[in-house]
Amino acid sequence: MSDCVGDACSALQAKALALTGVKAAPDRPPEAMHQFPFAVCYPFQPGSLELVSYGLGTWIQTIRLELHGMRVNLPQDVALMTPYGQAMLEAIMDDPTLGGVTEVLEVRPAFGVLSWNGQENVHIGWAFDIDAKFNLTP
């Protein structure tokens, strides 16, 4: 059985890593990161399954992609991270199936402070909540 959400996260991580200046996009969120900016991706919020017929279903899952920058000099850090919002949205619009893995239904970008490993307000950057549709068959 394939990991469709994992495959979608891998595709999003590859798109984020391809953005100019992004230094890391690990497969799984690590305990600590020391390369900035970096991207992480993971399933977020409850999903839903619509049973189409016996053995067929549509899974809608929100996936969160975060682009983290350091938060040391706020004016400078905001100026560095702000352009990544449009760049990431354009990368998703260029391939809304993420290489045939899913169908992106909606993307909700938000810019601001980001937490990491239980530490509040340590980074600044983008969080993209991406609703993805997966067709499931046994």
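Everything that follows concerns the structure shown earlier in this document.
Note that residues are indexed from 1 along each chain, following the sequence as it is written. At least 70 in pLDDT is required for a residue's local features to be given in this predicted model, at least 80 for side-chain atom pairs to be given and counted, and no such filter applies to totals for whole chains, interfaces and linings, which use all residues. Side-chain numbers come from the whole structure's heavy atoms, not from hydrogens or water.

Only C-alpha atoms enter the line fits that serve as axes; for helices the fit covers just the stretch in contact. Angles between N-to-C directions range over 0 to 180 degrees. Helix and strand definitions follow DSSP, with helices as H or I runs of at least four residues and strands as E runs of at least two, each counted in order from the N terminus. Taken N-terminus to C-terminus, the directions of helix α1 (residues 4-17) and helix α3 (residues 83-94) make an angle of 130°; their axes are 10 Å apart at the nearest point. Judged by the inter-axis angle, α1 sits oblique to α3. Crossing geometry of α1 relative to α3 is assigned as right-handed. Taken together, the residues of α3 that come into contact with α1 (itself represented by L12, K15 and A16) are M88, A91 and I92. Side-chain classes are defined by residue name, with Ala, Val, Leu, Ile, Met, Phe, Trp, Tyr, Cys and Pro counting as nonpolar, Asp, Glu, Lys and Arg as charged, and the others, Gly among them, as polar. Classifying every residue of the contact of α1 with α3 by side-chain character gives five nonpolar, no polar and one charged. In this scheme, roughly parallel covers angles under 35 degrees and roughly antiparallel covers those over 145, while 65 to 115 is roughly perpendicular and the rest are oblique. What makes a crossing left-handed is the near helix being turned counterclockwise from the far one by less than a right angle; a clockwise turn instead makes it right-handed. Should any heavy atoms of two residues lie within 4.5 Å, those residues are considered in contact.

Here the focus is the packing of helix α2 (residues 74-81) against α3. Between α2 and α3, whose axes approach to 5 Å, the crossing angle comes to 15°. Between α2 and α3, the crossing angle belongs to the class labelled roughly parallel. Residues A79, L80 and M81 of α2 pack against P83, Y84 and G85 of α3. Of the residues assigned to the contact of α2 with α3, the class counts are five nonpolar, one polar and no charged.

This part is about the sheet that holds strand β2 (residues 56-70). Judged by pairing direction, the sheet is antiparallel, and its four strands sit side by side in the order β1-β2-β4-β3 without closing on themselves. Here the strands that pair on one side only, and so sit at the sheet edges, are β1 (38-53) and β3 (103-116). Across this sheet, the average inter-strand angle for adjacent strands is 15°, counted without regard to direction. Strands qualify as paired when DSSP identifies two bridges or more between them. Sheet topology places β1 next to β2; 12 bridges connect them, and they run antiparallel. Counterpart to E50 in the pairing with β2 is T58.

Regular strands have side chains that alternate between both faces of the sheet. Throughout this description, buried means an accessible area under 20% of the type-specific maximum (1.4 Å probe, protein chains only), exposed means over 50%, and partly exposed covers the range between. For β2, the buried fraction is high: 11 of the 15 residues fall into the buried class. When β2 meets strand β4 (residues 119-136), the two strands line up antiparallel, connected through 14 bridges. Residue pairing in the sheet places T58 in a bridge with N135 of β4.

We now examine the nonpolar core. L12, I63, L65, L67 and M88 are the most contacted members of the largest nonpolar core, which totals 27 residues. Residue assignment for this core shows that the elements contributing at least two residues are α1, β1, β2, α3 and β4. Membership of the second largest hydrophobic core comes to six residues, among which are A24, M33, F36 and V40. Take the buried residues of types Ala, Val, Leu, Ile, Met, Phe, Trp, Tyr and Cys, join any two whose side-chain atoms come within 4.5 Å, and each joined set is a nonpolar core.

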